[in-house]
Each structure stands twice: as C-alpha cells, then as structure tokens.
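# Overview (structure and organization)
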Amino acid sequence: MKFFISLFLLSFSLVFAKDLTIAYPVNVGALNPHLYSPNQMFAQVLAYESLVRYGEDGKIEPLIASSWEVSKDGKTYTFFIPKGQKFADGTKLDAYAVEKNFKAIMLNKERHSWLGLTQKIRAFKALDETHFELKLDSAYSATLAELSLPRPYRILAPSAFQSEDTSKGIKKAIGSGAFVLKQTRLGEYDIFELNPYYRGKKPNFDRLIIKVLPDPNSRVLALQSKGIDLLVGEDIISYENFKRLSTDKNFVTKQSGVQGTTMLTINASKDHATNDMKLRKTIIQAFCKDVVMKGILLNLNQKANQLFHPSLPYADHVRLEKEVDCKSVKAYDKKVSLDLVYIGTNPIQKAIAEALQGDLARVNIHLNLLASEEVSFYQRQRSGDFDLIFNSTWGNPFDPHSFLGSMLEPSHADFMAQKDLANKAEIDKSIRAILNTADEQILRKNYDFVLNALQESYIYLPINYESIFAVYDKAKIKHFEFGAMATEFMLHKIELQE
Amino acid sequence: MLKFILKRLLYVPLILLLVSFVVFALLRLSPVDPAFSYLVQSQIPPTDEALNTARIELGLNKPFLEQYFLWLKNALSLDFGISYVTKREVLGDLLYYLPTTLCLTLLSMLFLICVSIPLGIIAALKKNSLFDKCILLFSFAGVSIPSFWFGFLLILVFTLGFGVLSPFSELGFTRYILPVLTLSLMSLCINVRLMRASFLARLKAPFLLYARARALSEAKIARTHLLKNSLVPVSTSLGMHFGELLGGAVVVEILFALPGLGRYAVGAIYSHDYPVVQCFVLLVTLVFIVMNLFIDILYVYLNPKIAYED
C-alpha cells in the first residue's frame, strides 16, 4: 500500500512540479567550488556560498558570515558565523568547515596566484565554532571583494571532501547555496533542485533545468518555441537578437549594470611603431566611436571614454580630454602600417576592427586586420606580439582593484603594452601601494595618479561599457533581477507566474 | 572473399598507426603551444613557471618521438589521456558521444537510401515528364542550400510554425526527424540524380534484350537485372555519402543541440584539446575503414562478377 501511495505522490509531484528552464552552451561541470574550467562560474554561485557577498554598487553584504571585524592595521579579519547554518545535506556549516575549505584552497596557492588576496594570506584558523580569523601579510583593500568571487573562496561541505586536497576531486557538489546539482547528462542538460536547508527565501519553482544549447541562434529559437524560459549571460544572446526580441510583446528584455569595459590596447613598447605617443593619440581621436555604438552595438551599451566606468570606486577623478570630431583629425606625419589582432570567430570584434580600419585610412594609417583563433590571440596578448589588440577589463568585483594588480604581471597584454612607458616604474609603484593598503587617502591618491597616467599615455582606446543581457518569456516569469557580478544571475529570486 | 576480408582487417592496425603518427605530428606543427592552450583552458595565468609546470605535467618537455611512443604505449592499453578542457577520460567521453552521431548518420543514410532510390527510378521511368522536371529542380535546390540554413528553416516551419518536432525537447526518436532531414538533404539530392542516370544507362543495356528474349517477366528483369546493376555505382557513392554525413553531422548536432561526437570534437579543435582530437581522428578512421569494407562486400552481393582476388 505504502509503495502505491509513494508512487502516486511521486507521479503527482512530477506532473505538477514547476520547472524553470534556461540554456547554456556547455554543461556546468563537476561543480568543484575551488577549481576553474570546466566548472561554470554561474553554477558555482548557485550551489555554493562565500563568506560575504558582493552587492549593489560594490557594497559588501553578509552571506555565510553575518558580520566581520577588521583590525586597525587592516591585516586581520574576523568573521562571525552564526550557529544553526547547514549545508544542503543537513551537515553543520561552521567556522571549522570554513577553515577546512581555506586549507584546501591554499594547498593550490599557485593556481590561485592571479588573485591578490591569495598572495597576501599568511594564516587562517577557526577560533571556535562561530569565529573564523584570516591574517594577511599586509592590508589589502579588496579582501572582502575577492572573498565574494564565484571561486575559489566558496565553501564545500566537509562531508563532500574526498581528501584534504579538493583539486584532486570531490565526492559530491554539496554547498549551502540555493540549489543542489542533482543530475547531469553530458551535452544535454543539468538539473538542480532546491536546497532544503537554504536560509534565504525559497523560489516558487521546484527544479532548475539547464539545457546545453551551444548555438546562439538555436538558443533564441528554443526560447521562442518555449523550449526554455530564460536566456541570460555573457555572449548568450547576440545584440541583433536582443534588439529584435525587445520589440516582441511576448518577451521581456533586461540589461544588467556595467560589467567591465571593452577596449583596444595599443602597444607602446619600443619595437612597435605605436611607441610614438602622437600616433597613439591620432588612432584614438580618429576612431568614430559613435558610429560603432549605433551601427554595431545598436546603442545597447554605453560609450566608454575611460578605462573604468566612473561609477566604480576611485574611477571618478579621471581627467578627460575634450572630444574632437573624428573626421577632422589631422593625418599622421607619415604613412604607417599597423596590425590589429582580433578573435576571428567574434563578429562584434571583426565589425569594430573593420570600422576602425576605415577611420584610420583617413589619417595615413593602414590597419592590417589579423583574425586569430582564440588561443593564439591570448598567446599574442601574452607575448606582446601586436600593435593593437582587443582587450577587456574583468568586470565586477575585479574592477578596478584586481585588474590594476594584473598590470604588474608580464603574462598580461597590459604589462606588455605599458612596459616601455617613461613613467612605468611610477605606475607600478602606485599599483603596489594600492595593493598594500586599506588607507582611503593613500588609495585615492594612487588611484588618481595611475588612472590619469594611463589615460594620458593613450595606450587604451576604450570602446564601450559591457552589460549582461537577459530575455525571458513573459507568460512564464513574473520577475527577474541581475546580481552585481557578471556571473551571478539571482535565479533563486526568480518568481514564476502562478 | 573471406581471405579478402581478413587481409583488409589486417591492414587496419597499420592504417591506424600511420594516421595516429600523422595527426600527432600535425598537431605539434601548429604554432599554438599546447601547454599555453592547456593553461588557457584551465584558466590558470600563463606565467613562465606555470608554462614549465604544464609542459612537465603533459610530457611536452620530452623529445617529439618519445612523446609519440609514450602516447602510443598508453593508447595500446586504451588510455588516450585526459581532456584539457573537461578533465575527463577522452575515450570514455568519445564513446559516450559516438552513439548519437552514429544513430544520426545511419538514420540519415537509411532515409537517403529509402527516398533517393525510388525517386531516381521513377524519374528515370518518367523521363522528361513533369515529375522528372520537379525532381531535377528539387535536386538543384537541395544541393545548393546550406545545411545550417535548411535546419533553421525546418525549425521555423515545424517547431515555431506548427509547434511540433521541437529539437529542444527530451532526447527521443522524434527529436531525430528534423536533424535527419537536414543532414540527408544534400546527399539525397545527389543520389537521386545518380540513381536516375544509372537506371537510364541500364535501360539501354544489351543484357535487357537477352533477358526479354529469355521470356523473363518484366518484374523479374527489373528486380534481378535492372535494379541490381543500377545499384553498383550508387553503392560506391553511398560510401562517400557516409563520409559526408559523418562530417556534416557536426553542423547538425550544434544546430539541433544533439550530444554527438562531431559537436564534441569541434569544441576540442577550437580549444586545442590535443588528446581529444587525436583519439577522435582515430575513432573516425576506424568507422570509415569498417564502412568501406562493408561497401566492398556489398559490391560482391550486387554483382557477383566482381571478385576480389589477389
């Protein structure tokens, strides 16, 4: 009898279960919170939580830790972890669980060395069940922002550890996020269910289905044919399709706040013609950005005139030059031929490159467009083998702090482009000062110097401030909102129509 | 015949060995550093230290021939390594994706045989009629339409228009209908024309006159003489169509979101996932060899005059 009742209840729940279906180009991966590809960031955010959350306007909000204290010298952070928190399997989430995760993360310190915080962590320990202490070598103003990233500082249930070293694999993807990964079919879908122990407000649906649809046009057709309910994410929907669907009464289109800057980096190193500042200035001034904004980006993004959006911390004191008419810029003294490298499979980059080629032809500059495949493109960025190359900042919460930090690394295009600038040593000194302080005055002074020095060096041609697109079926979804990070889609806050 | 088959089977390891060496060498000739590619895929900053570590980890610091023989040694025990991107075993993943591609290709092959042969015969029998002209037009249009465009058209008409055959629903037999139509269109159109031409050529053959002189029934003449003889050139082209279909499956799998081998391999090629590309080429080579052998055996059935002798 019991069997039949459970069978009846199961079939009842399957028939009446409410699903939210979205699409993504690849499977979400094994969902190891401390590793990178093939684990997808947006899914790591769904399943795992960090100590703190990066909220609107860069405000740090409580998540696992309900509060925190920072020592006067800015080197010690103490997080308070309230009692009673649980992971999705019902096991206890306390300071000892956090400590175990930090141990696992620091075992692979090299892998996470791109993060300023990883290099600063000197010690960490659980003081007791409710207090976790983090000690740094020196004060670091981006500590909380970097702790809030989708990876690696996310907390896995100790019961899901296979060994002390999570880089060798985990038993199961158990976190304290709103969702739990239940099923994966390679190349087809991933199914998430609700975490029964999730502390926040539970969504009004039972399952989240993520279908694997690699082709952007197929994703739009799937949305239009009600195969999926929502499309969201970076490069998930093209500009043209987003614009088209914005006029369709069956769908709602939304754009996130600014999530980074797309720009061209101009190589100022000595072995390139673009070492001449006058040439770099001519390139920047001759580029008719408004035409690109309208014709290629369909006025869906804001035009960028500086490296970081002025609303970002410390980015509001950049001295901008008066805009000149791109068509009346004086031609460069002599004929030069330059190479612009772009990713061949990126139609937006190709179109912008062609527009710039036309603009520069007016000022004696011949631009060779080099379509590169993705890995070669990054190889060129790293080796500095370019006159001009597409580049972008890392978005929230990396900008501007962590992105500036990366300029010190020779493995970045920015370093290669800047290395022969006359004031490179001063720029680096200021960046180091920024990375080693939490003092507001020192931060302000050095940010002002670095951002203005970069602006005046003409090595960046900012094009547009990026944002994330979302399109959803009005008949299915009542409410959707973006998170503050590019990979936080706030799917747990979605409300389906009753 | 048995000797022939055994001989062909004996060639298989040699062909695979040769192919594996050529692919291994070609991949290493690429200007892209596989260690750099590995770091990009793993989202690890490509610093000099990281590159050196990756080279040692992947065995790329060893001389080329040593790398190849190490790979070969592992491959002989069916260990084709770990994918740079998915971090999963390559052979396991390829065998997971293979059935979808084989199913799609074989269904398309079946569809193309079942449709193109009767259409070709009818067009030949009704030469210069309206039906024949319509078939001619259809064939020209069919070979000219790019498959990705035709696929989108089918989704627009059937899925968005009539609300049926959605390629975005659960994976079942009906999900294969639109992909099979898309994939087989070009080969089908070519085959219709070929079948028509082959049938017309046999209509004037002297053996028909002798068959009729022997007072054989028209049905028997059509079945045992006309059809079988007309199918010989068509069966040659079927071998080539199989290759076309297997290659074309890539586009169709991406378009219709089918979890197939082609889609997986293209992703691996884009990301320079060498272990996957290497194993994929070998697997496809093996499928081709088996298919060609099957076609060769089919010749003998269709025309016993063809004998494979040493």
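Here the structure is a predicted model, which means the values were calculated and not measured.

### Brief notes about the overall build of chain A
Of regular secondary structure, chain A possesses 15 helices and 21 strands. Over its C-alpha trace chain A gives a radius of gyration of 24 Å, about what one expects of a compact globule, namely 23 Å for 498 residues. With the principal axes as the frame, chain A shows a C-alpha extent of 90 × 55 × 35 Å. For chain A, with 498 residues in total, the buried portion stands at 57%. Considering only residue pairs separated by 6 or more positions, chain A has 69% of its internal contacts joining residues 24 or more positions apart.

### Notes on the sheet that holds strand 7 (residues 131-136) of chain A
All names here are of chain A. With antiparallel pairing, the four strands of this open sheet are ordered in space as 4-5-7-6. Every interior strand has two partners, whereas the edge strands, strand 4 (67-70) and strand 6 (121-128), have only one. Strand-to-strand, the axes of this sheet are offset by a mean angle of 15 degrees, without reference to chain direction. Taken together, the six bridges between strand 6 and strand 7 define a ladder with antiparallel strand orientation. When the bridges of strand 7 are listed, Asp128 appears paired with His131. Docked against the sheet, helix 3 (residues 95-107) engages strand 6 and strand 7, running at close to 160 degrees with respect to strand 6.

### Observations concerning helix 6 (residues 216-224) of chain A
Residue and element names in this part refer to chain A. Residues of helix 6 that are buried include every one of Ser218, Arg219, Val220, Leu221, Ala222 and Leu223, and no others. N-cap assignment for helix 6: the residue whose side-chain oxygen lies 3.2 Å from the backbone N of Asn217 is Asp215. Looking one or two places after helix 6, you find Lys226, whose phi comes out positive at around 65 degrees.

### A look at the interface of chain B and chain A
Counting residues at the interface gives 38 residues for chain B, matched by 32 residues for chain A. For the chain B and chain A pair, buried surface summed over both sides reaches about 2,900 Å², with 62% attributable to carbon and sulfur atoms. Here chain B is connected to chain A by one salt bridge. A:Arg382 serves as the salt-bridge partner of B:Asp48, at 2.5 Å between the closest nitrogen and oxygen. Between chain B and chain A we count six residue pairs in polar contact (both at pLDDT 80 or more) in total. For the side of chain B that touches chain A, the elements supplying multiple residues, two or more each, are helix 2 (34-41), helix 3 (48-57), helix 5 (90-125), helix 7 (147-162), helix 10 (218-255) and helix 11 (261-270) of chain B. Sort the elements by how many residues they give to the side of chain B that touches chain A and helix 7 of chain B lands first, with five residues. Looking at the side of chain B that touches chain A residue by residue, the class counts come to 22 nonpolar, nine polar and seven charged.

Basis of the calculations
Residues numbered from 1 in each chain as written. Chains lettered and ligands numbered in written order. Predicted model: local features only at pLDDT ≥ 70, side-chain atom pairs only at ≥ 80, totals over all residues. Heavy atoms only, no water. Helix = DSSP H or I, 4+ residues; strand = E, 2+ residues; numbered from the N terminus. Rg over C-alpha atoms; globule rule 2.2 N^0.38 Å. Buried < 20%, exposed > 50% of the residue type's maximum accessible area, 1.4 Å probe, protein only. Contact = heavy atoms within 4.5 Å. Pairing = 2+ DSSP bridges. Axes fitted to C-alpha atoms, helices over the stretch in contact; angles between N-to-C directions. Polar contact = N/O pair within 3.5 Å; in protein donor to acceptor, adjacent residues only side chain to side chain. Buried area = accessible area lost by both parts, 1.4 Å probe. Salt bridge = Lys/Arg side-chain N within 4 Å of Asp/Glu carboxyl O. Nonpolar A, V, L, I, M, F, W, Y, C, P; charged D, E, K, R; others polar.

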